[in-house]
Amino acid sequence: MNGASRIVAVLGPTNTGKTHYAIERMLGHRTGVIGLPLRLLAREVYDKIVAIRGPSVVALVTGEERIVPPRTQYWVCTVEAMPEGMGTDFVAIDEIQLCADPERGHVFTDRLLRMRGTHETLFLGADTMRGPIAALVPQAQFARRERMSQLVYTGSKKISRMPPRSAIVGFSVENVYAIAELLRRQKGGAAVVMGALSPRTRNAQVALYQNGEVDYLVATDAIGMGLNLDVNHVAFSSLSKFDGRRMRPLAPNELAQIAGRAGRGMSDGTFGVTGEASPLDEGVAQAIMDSRFTPMKKLNWRNAALRFGSVDALIDSLEASPDNEHLVKARPADDLNALKSLAQVPEVAARASDGPSIRLLWDVCRIPDFRGISHAEHASLLESIFGHLHERGTIPEDFLARQIRRIDRTDGDIDALSKRLAYIRTWTYVAQRNGWVRDESHWRAETRAVEDRVSDALHERLTQRFVDRRTSVLLRRLKQKEALLAEVNDKGEVTVEGEFVGRLEGFRFIPDKSAQGTEAKALKSASLQALAPQFHLRADRFYNAPDTEIDFTDQGGLMWGEYAVGKLVAGAEPLKPMVEVFVDEAAGPEVEQKVQRRLQHFVDRKIAALFEPLLNLSRDEELTGLAKGFAFRMVEALGILPRAGVAQEVKDLDQDARGALRKHGIRFGQFTIFMPLLLKPAPTRLRLVLWALANGLQEFPEAPPPGLVTVPVAKGAPEGYDTMCGYRNAGERSIRIDMLERLADMLRAEDSRGGFEAKADMLSITGMTLEQFADLMQGLGYKAERGERTKIKPAHPTEQPPAATAEAPAETAEAEAQSDVAVATEVPAEATDSTEAEAEATAADPASDEPEVEVFYTFTWGRQANRGPRGDQRQGRGKPGGKPRDGRGKPQGKKGGKPQGAKTFSSRPPKKEKAIDPDNPFAAALMGLKDGN
């Protein structure tokens, strides 16, 4: 040891300015070297000195980076990369307490014992090193530096309540990423700092934090090694870490080293715990605040006097034990483990046969395992490198190019890029070794360029994943109480301060769906504050909009263009619904009232226009007595009343009352009392909505498509739905009530007791096939009797029909004509072409003389079905007691009667007229006809 130089141990807690003091002392000398614990910190100190003295006199030497100008005076290095034997005026070792670190401690101890400046040597670190330094370096002087600000323990806090300018510390990559993701959602984002990052990525991430783009930093314990950041609070997410072999609790002095990053200069700092970390013991917390820790007793040591006579001799020298009570043999490090593994490989053992080759093997074994894949794979890589260097003197350029080319990619996620960054660090380290590659400057530049590209890509991915710039900007502006500028384009897309935040749909703000949880709340809060002026502008435009821009939906919603702005709610009367508006609370009561008034005007005018006949009926003061009461029933039923439900009221109305009601367009039909004008599609659609509101339905049924005479019966529809649609359910289909009344007029002329068949006009107005019509009639209360008969072929177009002669009386021709009508009514319109084709085919084939069979239905009033023997005889073809029928299914006369098709006339006195069946739905009309006659 050289005792001529001044040796000073500058000890104290964090934030005492020790590193700054060392820089000042070094620049006071002509030459100097400073050793730092991290590559990141070395780059930070290098940048500071370059800013003072310029790049031409400052060198940066780390395992993966080497910048050495020709006129270098000051060397900034990682402790492992410090050059030996240079004889600089000044030497400083920072974070000297790392002598006790189980992995790297032996390197720091070696520098403590053997590295000296010719004029001055500084050891910078924690006060716990006073004892070992005094024992091992007796000539050392001690300088105590006090912390420039206070450090206070604040206990446990949730991450969601973490104050701005906080650093949250995790001890694994997974833990760091999870915390950063949570902060992105809740606070707008966080910067990420880890020791494995390249200086370029780390500096870019720190810049996000330092310039205020994010208020939170998530880091590993790397920040405890002198990285100077504007941190006000440090929170530990865990109190234990994996040290390479096992999980172990952090010692109080280790916690203090990290917690001490809080507070900078004269600004006080705080520390605490978060997440799953349990609160600190009161004694530990107080020790950290007072910087009182158990002094170190033992330092890790590894023999520096290595013997290169053989591999075994080298291993033995590395495993030698110290002879000082203050030193303890370091546990086998990665380089020693790699050496032991390679020594077992016969080819390597054969190559390492002399001093230079053993030195080369040892240098190769000292390549750090940046990849961290497995010990065996790392040893395999070292074996390959050693083989190339021993055989050729340098690593082949094509081999090196292939390795680098595989890594030179910027696609993939954070994990993929992190792995590539670790891989390129290996080749960066190799390129930095003197003499290992032919064109050192080329390969150093090449590996540095690849590292920079991967670093930039990694920074970009980290920012994309863990920083929501939008939320971060908005929260920062809100915190600073600045006015936010919001813009809404013609598509309703909202941007605040240039950041897309969501959509304005009507008068409700819909935040961007990518935001979730607390992030979404913060985003909405900031956006609504900025949107206040936009709400007022939009409300003014809406209030002056024409009714043509507003509409209602089948579910009672109120739309302004494509946006929902409100909905209808039940009022005191069906024709007087109220309006509930969709307006964000942040828009204010003035906007809400303006929207509500405009929508109420629209609804009132819409009802007044579509239900004008009904409103006129309700306001007619000339109606009195029963007419006035019936008008009230019509208004209450929205213009449509099934006759069966008001049969007695209708019967009680005299002719004058009916006439007064008919003046308002009321039609007294056989099945329904209705106002034809209200059956149009627009009033029907609104009537269904008003009816659903008045009945408190949760889901409003939709109106049938306009223009259809019949529609399928809506399964599961609420009672009364068909009436409100302007239809009446009959069998499987519903028929429009005005067309039903036309059908009723036709049916009135038929013999509903004796039975009748459907006419072509009946099928035409309903648009039904014969089978559908039969189902409809049964739904109306009729009995439909199905039969089959031989179809009478129509005459061929080239033949002349025989004229009526004495042998073929006119009655026969008339019967045939009626049969033709029956056939026409039984064939749907869409089947006409095929029927004609079949007829033509039959005519073309004279041999085809098989009779065709047609289906027909006979309709009788269904309620007579069980009324005595006569009724039983009408039950169906072939039933006991039924009348015999001819080949076409027509009832035949009694035995010995007239031939089929013949008619007779007689002058018998008329039979006694039967009494009108009161159950007949046309009874009232028949009575009226009878009275009229």
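Located above this text is the structure these notes cover.
Since this is a predicted model, take the numbers as computed values, not measurements.

Novice: How do you make sense of the overall build of the protein chain when you look at a structure like this?
Specialist: A tally of regular secondary structure across the protein chain gives 32 helices and 34 strands. Per-residue burial for the protein chain yields a buried fraction of 47% across its 933 residues. Sequence separation of 24 or more characterises 69% of the internal contacts of the protein chain that already satisfy a separation of 6 or more. Accessible surface, the protein chain: about 46,000 Å² in total, of which carbon and sulfur atoms supply 50%.

Novice: Would you mind going over the sheet that holds strand β26 (residues 578–581) with me for this structure?
Specialist: Backbone-to-backbone hydrogen bonds join strands into a sheet, with any given pair of strands oriented parallel or antiparallel. On the basis of which strands lie adjacent, the open sheet formed by 4 strands has the order β23-β24-β25-β26 and antiparallel pairing. Pairing within the sheet leaves two strands with one partner each, and these edge strands are β23 (550–552) and β26. Adjacent strand axes in the sheet meet at a mean angle of 30°, parallel and antiparallel pairs treated alike. The strands that helix α19 (residues 589–610) touches are β23, β24 (557–560), β25 (563–569) and β26; relative to β26, the one it contacts most, it runs at about 145°. Contacting β23 and β25, helix α24 (residues 681–694) crosses the sheet at an angle of about 60° to β23.

Novice: It is not clear to me how unusual backbone geometry should be interpreted in this structure. Could you clarify?
Specialist: With glycine set apart, most residues show a phi of negative sign, and most peptide bonds adopt trans. If you check the backbone angles, Arg165 has positive phi at about 60° while not being a glycine. Within the secondary structure, Arg165 is located in the loop between β9 (151–156) and β10 (166–169). On the basis of relative accessible area, Arg165 is assigned to the buried category, the value being 15%. We note that Ser291 has phi near 55°; this positive angle belongs to a residue other than glycine. As for its position among the elements, Ser291 is in the loop between α8 (282–290) and β17 (299–301).

Novice: I would appreciate a short explanation of the nonpolar core in the present structure.
Specialist: Note that soluble globular proteins tend to have their nonpolar side chains buried in a common cluster. In terms of nonpolar packing, the biggest core is built from 67 residues, with Phe507, Phe630 and Leu661 touching the most fellow members. Apart from residues no more than four positions distant in its own chain, Phe507 is found in contact with Phe535, Arg538, Ala539, Phe542, Trp560, Val565, Phe582, Val583, Asp584, Val591 and Val595. Counting residues in hydrophobic clusters, the runner-up holds 61 residues, among them Leu342, Ile358, Leu421 and Tyr429.

Novice: Sorry if this is basic, but what is going on with the environment of Glu757 here?
Specialist: Inspection of the secondary structure puts Glu757 in the loop between α26 (737–747) and α27 (760–766). Given a relative accessible area of 13%, Glu757 falls into the buried group. Between the C-alpha atoms of Glu757 and Phe856, which are 99 residues apart in sequence, the distance is 7.5 Å. A distance of 3.0 Å separates polar atoms of two side chains, one belonging to Glu757 and the other to Arg789.

Novice: I keep staring at the environment of Phe611 and nothing clicks. Help me out?
Specialist: In this fold, Phe611 is placed in the loop between α19 and α20 (612–619). A relative accessible area of 0% places Phe611 in the buried class. Aside from chain neighbours lying at most four places away, what touches Phe611 is Leu575, Leu638, Leu678, Pro683, Leu686, Arg687 and Leu690.

Novice: Please clarify how the packing of helix α14 (residues 397–407) against helix α16 (residues 440–466) should be interpreted in this entry.
Specialist: Axis angle and axis distance: for two packed helices, these are the angle between their axes and the distance between the axes, and together they describe the pair. Two elements in contact, α14 and α16, have axes separated by 10 Å at closest approach and are oriented at 10°. If you check the angle between α14 and α16, you find them roughly parallel. Across the interface between the two elements, Glu397, Leu400, Ala401, Ile404 and Ile407 from α14 touch Trp443, Glu446, Thr447, Val450 and Val454 from α16. For the contact of α14 with α16, the per-class residue count stands at 7 nonpolar, 1 polar and 2 charged.

Novice: Hey, could you run me through the sheet that holds β9 in this one?
Specialist: Reading across the sheet, the 6 strands line up as β9-β16-β13-β10-β12-β11 and stay open at both edges, with parallel pairing between neighbours. At either margin of the open sheet sits one strand with a lone partner, and together these are β9 and β11 (191–193). Taken pair by pair, the neighbouring strands of this sheet meet at an average axis angle of 20°, ignoring direction. When β10 meets strand β13 (residues 233–236), the two strands line up parallel, connected through 4 bridges. Looking across to β13, one finds that Ala167 is bridged to Val234. Across the sheet, helix α5 (residues 173–187) touches β10, β11 and β12 (216–219), and the angle it forms with β12 is around 165°.

Novice: Before we go on, may I ask you to explain the pattern of salt bridges in this structure?
Specialist: Pairing is possible between side chains of opposite charge, provided their charged atoms come close. Under the definition given, this model contains 50 salt bridges. Asp452 is the salt-bridge partner of Arg200, the closest N and O atoms lying 3.6 Å from each other. Highlighted residues: Arg200 in helix α6 (residues 199–210) and Asp452 in helix α16, separated in sequence by 252 residues. Arg302 is the partner of Asp335 in a salt bridge, and the nearest nitrogen-oxygen pair spans 3.0 Å. Pair noted here: Asp335 is in helix α10 (residues 334–343) and Arg302 is in the loop between β17 and α9 (311–318), with a separation of 33 residues, a long-range link. No difference in accessibility class separates Asp335 from Arg302, as the two residues are buried.

Novice: Can you help me understand the packing of helix α15 (residues 414–432) against α16 in this one?
Specialist: Orientation of α15 relative to α16, taken along the N-to-C sense of each, is 160°, at an axis distance of 9 Å. It follows that α15 is roughly antiparallel to α16 by the angle criterion. In the packing of α15 onto α16, the handedness of the crossing is left-handed. Residues that form the contact of α15 with α16 fall into these classes: 13 nonpolar, 5 polar and 6 charged.

Novice: Which parts of the structure should I look at to understand helix α21 (residues 625–636)?
Specialist: Along an α-helix, residues three or four positions apart point the same way, because every turn accommodates 3.6 residues. Between its first and last C-alpha atoms α21 spans 17 Å; for 12 residues at 1.5 Å apiece the expected length is 16 Å, and the two agree. Note on α21: the residue one or two positions beyond its end, Leu638, has a positive phi of about 60°.

Novice: Whenever I open this one, the packing of aromatic side chains confuses me. Can you help?
Specialist: Centre-to-centre distance and the angle between the planes together describe a pair of aromatic rings. Evaluation of the coordinates by the stated rule reveals 13 aromatic pairs. Lying over the aromatic face of Phe856, Arg789 brings its terminal NZ or CZ to 4.2 Å of the ring centre.

Novice: What should I look at first to understand the pairing of strand β21 (residues 499–505) in this one?
Specialist: Each regular strand shows side chains that alternate between the opposite faces of the sheet. By the bridge criterion, 4 bridges tie strand β20 (residues 493–496) to β21 in an arrangement that is antiparallel. Considered in β21, the bridge of Glu493 is made with Arg503. Note that β21 and strand β22 (residues 508–511) share 4 bridges and pair antiparallel. Bridging from a neighbouring strand, Arg503 pairs with Ile510 of β22. Counting the residues in the hairpin turn of β21 and β22 gives 2 residues, including Gly506, whose phi is positive at 70°.

About the thresholds
Residues numbered from 1 in each chain as written. Predicted model: local features only at pLDDT ≥ 70, side-chain atom pairs only at ≥ 80, totals over all residues. Heavy atoms only, no water. Helix = DSSP H or I, 4+ residues; strand = E, 2+ residues; numbered from the N terminus. Buried < 20%, exposed > 50% of the residue type's maximum accessible area, 1.4 Å probe, protein only. Contact = heavy atoms within 4.5 Å. Areas by Shrake-Rupley, 256 points an atom, 1.4 Å probe, with all protein chains shown as cover. Pairing = 2+ DSSP bridges. Axes fitted to C-alpha atoms, helices over the stretch in contact; angles between N-to-C directions. Core = buried A, V, L, I, M, F, W, Y, C linked by side-chain atoms within 4.5 Å. Polar contact = N/O pair within 3.5 Å; in protein donor to acceptor, adjacent residues only side chain to side chain. Parallel < 35°, antiparallel > 145°, perpendicular 65-115°, else oblique. Nonpolar A, V, L, I, M, F, W, Y, C, P; charged D, E, K, R; others polar. Salt bridge = Lys/Arg side-chain N within 4 Å of Asp/Glu carboxyl O. Left-handed = near helix turned anticlockwise from the far one by under 90°. Expected span 1.5 Å × (residues − 1). Phe/Tyr/Trp six-rings, centres within 6.5 Å; stacked < 30°, edge-to-face > 60°. Lys NZ or Arg CZ within 6 Å of the ring centre and 35° of its normal.

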